[in-house]
Amino acid sequence: MDGNHISRTECSELNDPHPPVRPRLTLVIPTRNERESVPLLLRALEPAFDGLPVEILFVDDSDDDTPETAARHAPGCPLPVRMVHREKGAREGGLAGAVLAGARHARGEWALVMDADLQHPPQAAAALARTALGHGVDIVVGTRYAGSGSTGGGLDGPARRLVSLGSTLLAKAVFPRRLAGVSDPMSGLFAFRIAAIDLDRLSPLGFKVLLEVLVRHPGARVAEVSYRFAPRAAGTSKASLREGLRFLRHLARLRRPDPGGAGRHAASDHPGLGPTARFLAFGLVGLSGIAVNTAALWFFHSVVGLHQLLGATLATQVSSLWNWALLETLVYRGGRGGGRRAALARGLAFLALNNLLLLGRLPLLQVLVLAGIGLLTANVLSLVVLFVVRFLFSDLLIYRGRRAEGTRRDPVRVLVAPGSAVPGTTAPSPGTTPAPAPAPAAAGTATTPTASPAAPATSPAHPKRPRYLTYRYDIAGTVTIGSQIRLPELEFFRAQWVPPDACDITVRVGDVGRRFPRHRAVMTEIPDRGAPQPTTVQYEEQLGRFGANFRVDIGDPIAVLVSPLLARSPHVVYTNVLEALLRFVLVARGRMLLHSATVELGGTGVMLSALTDTGKTSTVLRLLSEHDGRFLSDDMTVVDAHGNALCFPKPLTISAHTLHAVRSDDLTPHEWRRLQRQSRLHSKEGRSFAFTLARHNLPIMGINAVTQILVPPPKYAVDRLVSCRLSSAIKVTELFVIERGAPRLSDLGHEETVSRLLVNTEDAYGFPPFRYFAPAITVDGLDHAQLRSRERDVLAGFLSGVRTRALASDHFGWADEIPRLLDADRPTTNGRPVPPADGHPWPHWEPEAPEGEPSLSVSSMALPLHTAVPADPGDSRTNDPGGRTP
């Protein structure tokens, strides 16, 4: 190519880098008369994007020699550089049209839009690119108004800053829900997944392309990356009064119905009334219901002579039916749908909600009456107190409308804030040193302002809070955990001999986040800035420090800090935070925490895999009690690439459909009654309800923690539920993927099995906030993507010698079919099955190798083999000479 000339074709290659790059992300850079900026930009992009799979695509509307300048300098850039030059008369849409043209020519799966004048610093753009490629989101916004972001010197004077802030506030006021969780919808630095954006629906006016992308795609998942807006390196601003008027026109047009979309952009969740109107209408219906309830209470109490609490209960039934009828016919008439059966289902749900709230209202009513307030007045007061709760549950759950899939903004705001201090941190911890000042930029490179060195990720310990780790655990000799709160799921692995300062993961209790409430939950990630400042992720809910917040400093060790509320629910701490970290530390050390159950049947290692709530636990209990199986795990199994499975005997969670498999005479009548109540709440229906709540802007971790505190999950050691023995390790040779459906048995190929087991494992981590903080996890130099790749490799190795079959049943009959299938495959001697081999001594972290082969070590830590794990007094494991539970 002639370095002084660029052909006026649709899209031209400006260089031919070696080795060739297969881009995953395309830098779309609109240019208009930017010949001074382009050489500076190309020099600055090279170090910023080093190692990232990106290409550069200029979309040029210049009248000067910008194309020729780009063509001269592109051969020296190691990144692929292309250009689309739009001649006069073909520059439809101005800058917005250039962005859309660039997205259509992009070879990457992502398009990242940035200016050519270096006001969007290349390092900030690279941070956006890493977030886009590493997080499961659809749009990444560079924000000047959150974290360490700032308008800096990029806006000329206070007037420009005021205009910028004012236009941002105006846009958010016009689209409060569409722009929820987005602090800078007017940003010119952003990236989007091309497959997630309908380019044909976009026709933006002026500069504010991102605004239209967000408004037209309200269900797109968004993350933000804070940055400092830099001064212009060359050229002049394109902003003008004309652009301001065009922006106002753009806002007005976005409020109108979208002919190519799925409804109105100012649309509410329901086809009928908007949210404010629904709230007011619900209040009017509620007032009429209070009148009906008061009249009914007077009748039942004063006329019939019933006790006041019984009268209030009956009055609630009357007013609930009255309110339901009015809600169906007046308030939600446009969003009902489903016919009579659906209306009846909504009526039953509304009645159940009111009776559930009645359990909290009756004690309040009694207290008010005892305080000397008249019965009818006290009744009205108690009804008013619960009005907002009733509206929220009715509006969000019972009458949530038939909203199209993917039209609700994610309730958790994700913010990546390079160079920020940890939210709520005021000073570094004792013994840490401040971060070094950034090195001066090399001569000839563009410099950009950076945030001042931030405080280390660990906040100072509260003087009244101890740091001693009371409980220590050794997970199969591979990972050690120290915690200030007892973790019942890991009780089997208690190892008080582990020094507190030698733990791989620590869990402490302290204040997390800012003191005051916030509008939405936020997950803040502060990327790795080098020792002693590791990557930090912090999750804060709407209730400020009273919420279920936590912080994870991903260093060595991984330090977890949980709020006092969260600490009172150890099950939530373990399941929603700690197990995810344990999973990836195990992967870094050559193991995998596989969502599966494992038992030993007649000397054969048998693994079961299934999606959550299929019936795996009840199948395990029946295999143990009816077929003399030995137990290794029910929920998670530690496996390695050699086919070995190590025990992970967490307490079993008994849901409603698992009760029939419990065969225990040890549970007292009181425990049986409590188990029946707990199993209903902690069942498939209960989890489904929790996932529904998680889709709304609610403090879901706090709700989950309080629920677990009030109604603890029904967890029991396996040998208390059924009489069985435990095995410490086994070579797995049989794997059954159990499913519900028409009875069938089929073999599964290796790749299909790997994919299905990864899906089943991921299903176990579906509850928030795992997907928000997992992309930030780095262990032993491996980032999240590398850890996931290694996890797949470990699983593929584990399955290489395992026979895998899919077994479907429509009557929970897996526990009958699996032993029959194993017996049919077992070799016989003189017409009789070969007797099963004896089990392993206890504990035994090293599976027995075939005769003549060396043993396969599964321990990378200092756990002595064949050494008994200390047990509490009376532990059944100490009563059997072989170390197995009788």
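First, a word on what this report is: a plain description of the structure on this page.

Criteria and cut-off values
- Residues numbered from 1 in each chain as written.
- Predicted model: local features only at pLDDT ≥ 70, side-chain atom pairs only at ≥ 80, totals over all residues.
- Heavy atoms only, no water.
- Buried < 20%, exposed > 50% of the residue type's maximum accessible area, 1.4 Å probe, protein only.
- Helix = DSSP H or I, 4+ residues; strand = E, 2+ residues; numbered from the N terminus.
- Pairing = 2+ DSSP bridges.
- 1 Å grid on protein atoms, 1.4 Å probe; cavity = no way out; pocket = protein on both sides within 12 Å on 5 of 7 lines; lining within 4 Å.
- Points joined across faces, edges and corners; volume = space filled by probe spheres on them.
- Expected span 1.5 Å × (residues − 1).
- Contact = heavy atoms within 4.5 Å.

## Some details on the pairing of strand E17 (residues 591-595)
- Counting buried residues in E17 gives five out of five residues, a clear majority hidden from the surface.
- Judged by which residues are buried, E17 turns out to be covered on both faces: Arg591, Leu593 and His595 on one side and Met592 and Leu594 on the other are all buried.
- Taken together, the five bridges between E17 and strand E21 (residues 636-640) define a ladder with antiparallel strand orientation. Following the sheet pairing, Leu594 is matched in E21 by Thr637.

## Side note on unusual backbone geometry
- Following Asp556, the chain continues into Pro557 via a peptide bond in cis, with omega recorded as 5 degrees.
- Across the junction of Pro768 and Pro769, the peptide omega takes the value 15 degrees, indicating a cis bond.
- Here the phi dihedral of Leu118 falls at roughly 70 degrees; this positive angle occurs in a residue that is not glycine.
- With respect to the element layout, Leu118 can be found in the loop between strand E5 (110-113) and helix H4 (122-134).
- Unusually for a residue other than glycine, Ala476 sits at a positive phi of about 55 degrees.

## Points about empty space enclosed by the protein
- Applying the stated rule across the entire model yields five cavities of 30 Å³ or more.
- Lining the largest cavity are Ala180, Gly181, Val182, Val222, Glu224, Arg409, Asp410, Val412, Arg413, Val414 and Arg520.
- Secondary-structure elements contributing two or more residues to the lining of the largest cavity are strand E8 (222-226) and strand E9 (412-416).
- When residues of the lining of the largest cavity are assigned to their parent elements, the largest contribution, three residues, is made by E9.
- Taken as a whole, the second largest cavity holds about 50 Å³ of empty space.
- Lining of the second largest cavity is provided by Pro411, Val412, Ala521, Tyr539, Gln542, Ala694, His696, Asn697, Leu698, Ile700, Pro768 and Tyr772.

## Observations regarding helix H6 (residues 209-216)
- For H6, a buried count of eight out of eight residues is recorded, marking the element as mostly surrounded by other parts of the structure.
- Taken as a whole, H6 has its buried residues at Val209, Leu210, Leu211, Glu212, Val213, Leu214, Val215 and Arg216.

## Considerations on helix H3 (residues 94-105)
- Helix length check: H3 (12 residues) gives 17 Å between terminal C-alpha atoms against 16 Å at 1.5 Å per residue, within 8%.
- Every buried residue belonging to H3 is among Ala96, Gly97, Ala98, Val99, Leu100, Ala101, Gly102 and Ala103, and all of these are buried.
- Contacts from the buried residues of H3 go to strand E2 (25-31), strand E3 (54-60), E5, strand E7 (190-193) and H6.

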